[in-house]
Each structure stands twice: as structure tokens, then as C-alpha cells.
Amino acid sequence: MTADFIYRYPTLYPGVLVKRYKRFFADIELATGEVITAHCPNTGPMTGVSTPGSLVQVSLSDNPKRKLAYTWEMIQVTDTEPTWVGINTALPNQIIKLALEKRLFPQLGNYSQIRGEVGYGVDKGSRVDFVLTGSEADKPIYLEVKNTTWAKSPVALFPDTVTTRGQKHLRELMALLPSARAVMLYLINRGDCTHFAPGDSADPVYGELLRQAYASGLEVLPMRFEVTPAGIRYQGKAELIPSMPALFKNGASNLC
């Protein structure tokens, strides 16, 4: 675990979630008693991390052109103990880029260049989050990032809904093997999870594809991050369930 924040939030303002609606809107009562409508930067179902009455933190923009000045940044859950969960999906790629620049993931080995949003796949019709080149094995590393907030503590689960886009990413990453390294990095956006498994109950097709991809050589890196109103710290790699070739099969229930 690194002691320093890899990312520092701007000034945040505490409040309580009143409701989230139409995906992009959240009514929040600030500590001052004022009720504001904040932008919700998360288009997913936010399973387990959008409960009304929960403590939240919002940031405030000084951009006069914005329709909503406030942005919902995190929510506190109490699955086991009070834990902040980052819900702003604009941040994970920024955080991983900072981590890659600091060489925080030894599993990736040495690389000299980091490129973002690189075209690949059939007719380069898709974009992968990062491509790392100049590795010691001289193979490019294609790295896709998935924000992970759903959990049955201490197990982080992805996805929390059916994701045809995520299924497509797994198929395209498998197609790169063995001429390149293909890596699926799950950013666990909460500090209370020590293990990772696919969210089979939400999307069994994704779970089976992930197992197939893993057996084919896809590297799975579930990375733990502690979220606080001050900033975000890297905590190290989570354990796969189980970490044997029969990846994840029936393992999560033993820890939930």
C-alpha cells in the first residue's frame, strides 16, 4: 500500500442523498440544509451505492456554463463498516493513468510509453483504454479499465448489470492473444474489499467470457483503492476467487 494519495479531490461538500433519478440527476441535502440537484456522473444502475439517506460528498464547479454546478463524487455505504465509494466514472481512467506513470503495478513489468484511447479490433473500430509499449518482452500491453463499485463485502463484483459492451471488450482482448499481452484491470473504487469475482448473478454471460478469456491468457488485475473525501490511495491487488485455473467458480459464496 502506498501512503500518499494518488489523486486528491477538490474541495468537497458533505450532504445526504435524497434520491437519484433519470440516471444523471441526484437531489442532495447539503449539511447547510439546502437541497441541491447535482450531476450524477454514472450511467449504470449503481447497485448498492445509491441508497437514499446515505452520506455523500459533492464537488462544486465555478464554470458558469454548467447547468448543474455540483457533481456527486462519492457515497458512504455501511455493508460492514462505514466505507466511501467513488461513483464518478470520469475518474477511473485518470487514476489508472497516474498509477501507470508512477509504475505502481509491478505485474505489468517494464514499459516506456503509455498511450490512451488506442484504436484496435476489426478495422480498429474499438478503443482500448491504454496501450503500454517498450516492455521487456517486447509485446505491447493492451489494458482495459473497469470501474467496480458493487460488492458483497469483502468481495468486489463486476459487472452489476448486463453489459454487452463489456462482453465485446473481452472478446476483442482475447483476439489479441498471443501476439500481445491483454489485461483487464478492475479498479475497485472502495476500500473494504479484499477479493474479486465476476458478478455472475447480474451477467452470467460476462462471467463465462471472463473465465474463457482468463484460460486463454487474459491477465486479470483487480486493484484495490481506498476512497476518502481528501483523496484516493492505492492499496494493492485483490485476491481472485479462487486464484486457480477454474477461476472464480462458486468461490464468492464462501466469503459473502
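Residues numbered from 1 in each chain as written. Predicted model: local features only at pLDDT ≥ 70, side-chain atom pairs only at ≥ 80, totals over all residues. Heavy atoms only, no water.

A. Representation of the overall build of the chain in the model. Regarding its fold elements, the chain presents three helices and 17 strands. Against the globule reference of 18 Å for 256 residues, the chain gives a C-alpha radius of gyration of 18 Å, in line with a compact fold. Along the longest, intermediate and shortest principal axes, the C-alpha atoms of the chain span 55 × 40 × 40 Å. The 256 residues of the chain split such that 52% are buried. Look at the contacts in the chain between residues 6 or more apart in sequence, and 63% of them connect residues 24 or more apart. When the accessible surface of the chain is summed, it comes to about 12,000 Å², and 51% of that surface belongs to carbon and sulfur atoms. (Helix = DSSP H or I, 4+ residues; strand = E, 2+ residues; numbered from the N terminus. Rg over C-alpha atoms; globule rule 2.2 N^0.38 Å. Buried < 20%, exposed > 50% of the residue type's maximum accessible area, 1.4 Å probe, protein only. Contact = heavy atoms within 4.5 Å. Areas by Shrake-Rupley, 256 points an atom, 1.4 Å probe, with all protein chains shown as cover.)

B. Highlighting the pattern of salt bridges. Counting across every chain of the model gives eight salt bridges. Here Glu 172 and Lys 168 are joined by a salt bridge, their closest N and O atoms 3.0 Å apart. Taken as a pair, Glu 172 and Lys 168 lie in helix H2 (residues 164-176) at a separation of four residues, close to a single helical turn. Judged by relative accessible area, which is 40%, Lys 168 ranks as partly exposed. In this structure, Arg 190 and Asp 192 form a salt bridge, with 2.8 Å as the shortest nitrogen-oxygen distance. A relative accessible area of 1% means that Arg 190 is categorised as buried. Several salt bridges converge on common partners, so that one network encompasses Asp 79, Arg 190 and Asp 192. (Salt bridge = Lys/Arg side-chain N within 4 Å of Asp/Glu carboxyl O.)

C. Local environment of helix H1 (residues 92-101). By the burial criterion, the buried members of H1 are Pro 92, Ile 95, Ile 96, Ala 99 and Leu 100. Viewed end-on, H1 has its buried residues packed into an arc of 135°, placing them on one side of the element. Taken from the residues just after H1, Arg 103 is the one with a positive phi, measuring 55°. (Arc of directions from axis to C-beta.)

D. Quick look at the packing of aromatic side chains. The tally for this structure, following the rule as stated, stands at nine aromatic pairs. Each ring, one from Tyr 7 and one from Tyr 9, has its centre 5.3 Å from the other, and the planes form 85°; the classification is edge-to-face. Residues Phe 158 and Tyr 206 carry aromatic rings whose centres are separated by 5.5 Å and whose planes lie at 70° to one another, so their mutual orientation is edge-to-face. Of this pair, Phe 158 sits in strand S12 (residues 155-158) while Tyr 206 sits in helix H3 (residues 204-216), and the two are 48 residues apart along the sequence. Taken as a pair, Phe 158 and Tyr 206 share a single burial class, namely buried. Within the aromatic cluster, the residues linked to one another by ring pairs are Phe 158, Tyr 186, Phe 196 and Tyr 206. A cation over a ring is seen here: Lys 19 above Tyr 21, with NZ or CZ 5.0 Å from the ring centre. (Phe/Tyr/Trp six-rings, centres within 6.5 Å; stacked < 30°, edge-to-face > 60°. Lys NZ or Arg CZ within 6 Å of the ring centre and 35° of its normal.)

E. Main features of the sheet that holds strand S1 (residues 7-8). In space, the seven strands of this open sheet follow the order S1-S16-S15-S13-S10-S9-S8, with mixed pairing throughout. Edge positions in the sheet fall to S1 and strand S8 (113-120), since each of these pairs with one other strand and no more. By the bridge criterion, three bridges tie strand S9 (residues 126-133) to strand S10 (residues 141-148) in an arrangement that is antiparallel. Along S10, the bridge assignment pairs Val 131 with Tyr 142. Together, S8, S9, S10 and strand S13 (181-188) form the strand contacts of H2, whose direction differs from that of S10 by roughly 160°. (Pairing = 2+ DSSP bridges. Axes fitted to C-alpha atoms, helices over the stretch in contact; angles between N-to-C directions.)

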